[in-house]
Amino acid sequence: MIYKCYSLGLLCIISPCKSCLWYQPCRYIYTDNVTLSGDDVLAVMHAANKYAMIGLEEKCASFLMQNLTAENVCSVLESAHCFNKEKVRSHCIEFIKDCPGAFDAENFLSLCVECLRQVLLLDDLVLEEEEIFQRTMQWASVQCHNLHLEDSGPNKRTVLDSCLYCVRFPIMNMQFFNETVCKADVLSQKEIEDVTRQMSEVKICQTKFCVRKRRGTDQYSCKRFSYDRVDVRWARKTGRIDFYVDIQIILTGLLLYGGHQTNSQLLSVYAALEDSDNDKVLTDVTKQVKVQPETTIFLLKFPRSIRLEPDVRYSVFVQKDGWESHWGDAGMASVVTQDVNFYFLTTYKSEQTNRARGLIPGLLFTKGYSSDQNRESLGVKRKLEDAVQYTAC
């Protein structure tokens, strides 16, 4: 491959060998051009950082921020930490806020203890504390294995260090705490007693663990139908509805109708959230769900939650694998839930599900706050001390 550098009067011949780490850096040096991909961008960024190629390093950083996924965000966060790229690090942290799927990614288990701590400190995580604890314990097990330590509670506590105090034990379900956390042997007897007293409200005591719920776990549902028709079957396989909101929210999933005579078997369903104006899929999920026959409505969560902006038209699409479901009737054009106005619209692509009827009964959301400006616009008044994170958690 031949490139000309006219400003220097040079002719550079570069062999297009993908296995060569220096292919992209050399190309950038002589041509000021670079072609990055998810397979090589981190290696190229490492070379650019090592040899002070600032321009190439910035191009790599920009590429990474534009191509974050649940599967790669933890790797990018770790690289940003190693290369001291604060802008990329902050971008990853913001992404993880709305992406519970990042905790399920294999790369989560490879985070360093400092990056793990930054993630666990997030107050807007759209994830239950029990799930956070279980994934954190898996991380600790991997670290014990890497350090050739026994996979025991005390050793897990050692490798977690201050991260242990970022898990909010007092807000967990008491049964889960007693049956899972206590048996994990990562807390001292006094810590267990303090958390138990805090849970039972027998005595409000001083504890090292944060007692405030994460804002992202306050889930709300917006239901748009007046009636659920369980007597007549809805045989159509697909449905779509358009909508917009008047303030910023985080969409975490959908309400969907259960089926007739499902006999508790696994049912296949695909769901997607799209930017209706740009015809772009923002997040989607394919899942086998187990629905009890008597269940009218069940929840389907997206692997990545999406922040919805005011007055932007979005579209929800659902496809079910053959099973006949319940359906809704007498749909409302607008619904107010938790001071959020939802407006539903029929689209030419509605495929039998429209504003009046169909198989998508509602939306699952949370009111996340990414900045003080957002909090003010939502009319949320918080005490100053509640806006400051505890140093211990």
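Our subject in this report is the structure included herewith.

1. Quick notes on the overall build of the protein
- The number of helices and strands found in the protein is twelve helices and 14 strands.
- When each of the 393 residues of the protein is scored for burial, the buried share is 48%.
- Long-range pairs, those at least 24 residues apart, make up 74% of the contacts in the protein between residues at least 6 apart in sequence.
- Carbon and sulfur atoms make up 49% of the accessible area of the protein, which totals about 19900 Å².

2. Some points on the sheet that holds strand β3 (residues 219-223)
- Here four strands make up an open sheet; going across it, the order is β3-β14-β6-β9 and the pairing antiparallel. In the strand order of this sheet, the two ends are held by β3 and β9 (297-308), each with one partner. Each adjacent strand pair in this sheet contributes to an overall mean axis angle of 25 degrees, direction not counted.
- Pairing of strand β6 (residues 249-257) with β9 involves eight bridges; the strand directions are antiparallel. Directly across from I250, in β9, lies its bridge partner R307.

3. Overview of helix α8 (residues 153-160)
- Looking at α8, one finds that the buried residues are G153, K156, V159 and L160. Buried residues of α8, seen end-on, are gathered within an arc of 125 degrees and therefore sit on one face of the element.
- Residues of α8 that are buried make contact with α6 (113-120), α7 (129-146) and α9 (174-184).
- Positive backbone phi, approximately 55 degrees, marks D161, located one or two places after α8.

4. Some points on helix α1 (residues 23-31)
- Listed in full, the buried residues belonging to α1 are Y23, Q24, P25, R27, Y28 and T31.
- Of the residues trailing α1, D32 is marked for its positive phi of about 65 degrees.

5. Considering the pattern of salt bridges
- Enumeration according to the criterion identifies 16 salt bridges in this entry.
- E58 is the salt-bridge partner of K85, the closest N and O atoms lying 3.0 Å from each other. In this pair, K85 is assigned in the loop between α4 (73-82) and α5 (86-97) and E58 in helix α3 (residues 54-66), connecting sequence segments 27 residues apart.
- Overall, E58 belongs to the partly exposed group, its relative accessible area being 43%.
- Between D194 and R197 there is a salt bridge, with the nearest N and O atoms lying 2.6 Å from each other. Of this pair, D194 and R197 both sit in helix α10 (residues 189-200), separated by three residues, roughly a single helical turn.

6. Comments concerning the sheet that holds strand β12 (residues 334-337)
- As summarised here, the arrangement of the six strands in space is β8-β7-β10-β5-β13-β12, forming an open sheet in which the pairing is antiparallel. Looking at the sheet topology across the chains shown, the edges are occupied by β8 (280-290) and β12. Here the strands of the sheet are splayed against their neighbours by 25 degrees on average, with no regard to which way each runs.
- In this structure, strand β7 (residues 266-275) lies alongside strand β10 (residues 314-320), joined through seven bridges in antiparallel fashion. Each bridged residue has a counterpart across the sheet, and for D275 the counterpart in β10 is Y314.

7. Digging into the packing of helix α2 (residues 41-50) against α3
- Packing of α2 against α3 brings their axes to within 8 Å, and their N-to-C directions diverge by 150 degrees. As the angle between them shows, α2 and α3 are arranged roughly antiparallel. α2 and α3 meet at a crossing whose hand is left-handed. Along the contact surface, α2 presents V41, L42, V44, M45, A48 and N49, while α3 presents L56, E57, C60, A61, F63 and L64.
- When grouped by side-chain class, the residues that make up the contact of α2 with α3 number ten nonpolar, one polar and one charged.

8. Brief notes about the packing of α4 against α5
- Between α4 and α5, whose axes approach to 8 Å, the crossing angle comes to 150 degrees. What the angle tells us is that α4 and α5 run roughly antiparallel. Two packed elements cross with a definite hand, and for α4 against α5 that hand is left-handed. Contacts between α4 and α5 pair V73, V76, L77 and A80 from the former with V88, R89, C92, I93, F95 and I96 from the latter.
- The residue inventory of the contact of α4 with α5, partitioned by class, reads nine nonpolar, no polar and one charged.

9. Regarding empty space enclosed by the protein
- Counted according to the given criterion, the structure contains two cavities of 30 Å³ or more.
- By volume, the second largest cavity is sized at about 40 Å³.
- Mapped onto the lining of the second largest cavity, the elements with two or more residues apiece are β5 (238-245) and β7.
- The residue makeup of the lining of the second largest cavity, split by class, is no nonpolar, three polar and six charged.

What counts, and where the lines are drawn
Every residue gets a number counted from 1 within its own chain, in the order that chain's sequence is written. With the structure being a predicted model, the display of local features is reserved for residues of pLDDT at least 70 and the display and counting of side-chain atom pairs for 80 or more, all residues being used for whole-chain, interface and lining totals. Each side-chain value is derived from all of the structure's non-hydrogen atoms; neither hydrogens nor water enter the calculation. Segments assigned H or I by DSSP are reported as helices when at least four residues long, segments assigned E as strands when at least two residues long, and all are numbered from the N terminus. Here's how the labels work: a residue is buried when its accessible area is under 20% of the maximum for its type, exposed when over 50%, partly exposed in between, all with a 1.4 Å probe on protein chains only. Should any heavy atoms of two residues lie within 4.5 Å, those residues are counted as being in contact. Method for areas: the Shrake-Rupley scheme with a 1.4 Å probe, in which residue coverage is limited to the protein chains shown. Two strands are said to pair when DSSP picks up at least two bridges between them. Lines fitted to C-alpha atoms define the axes here, with helix axes fitted over just the stretch in contact, and angles between the N-to-C directions of these axes take values from 0 to 180 degrees. Throughout, the arc means the angular range of directions from the helix axis out to the C-beta atoms. Any carboxyl oxygen of Asp or Glu that lies within 4 Å of a side-chain nitrogen of Lys or Arg is treated as forming a salt bridge with it. Should an angle fall under 35 degrees it is taken as roughly parallel, and over 145 as roughly antiparallel, whereas 65 to 115 is taken as roughly perpendicular and any remaining angle as oblique. Helix crossings get a hand from a simple test, with the near helix turned counterclockwise from the far one by less than a right angle marking a left-handed crossing and a clockwise turn marking a right-handed one. All residues other than Ala, Val, Leu, Ile, Met, Phe, Trp, Tyr, Cys, Pro, Asp, Glu, Lys and Arg, Gly among them, are scored as polar; the first ten of these are nonpolar and the last four charged. Cavities and pockets are defined on a 1 Å grid built over the protein atoms alone: a cavity is a set of grid points where a 1.4 Å probe fits but cannot escape, while a pocket is an open set with protein on both sides within 12 Å along at least five of seven lines, and lining residues are those with an atom within 4 Å of any such point. Grid points are joined across faces, edges and corners, and a volume is the space filled by probe spheres set on the points.

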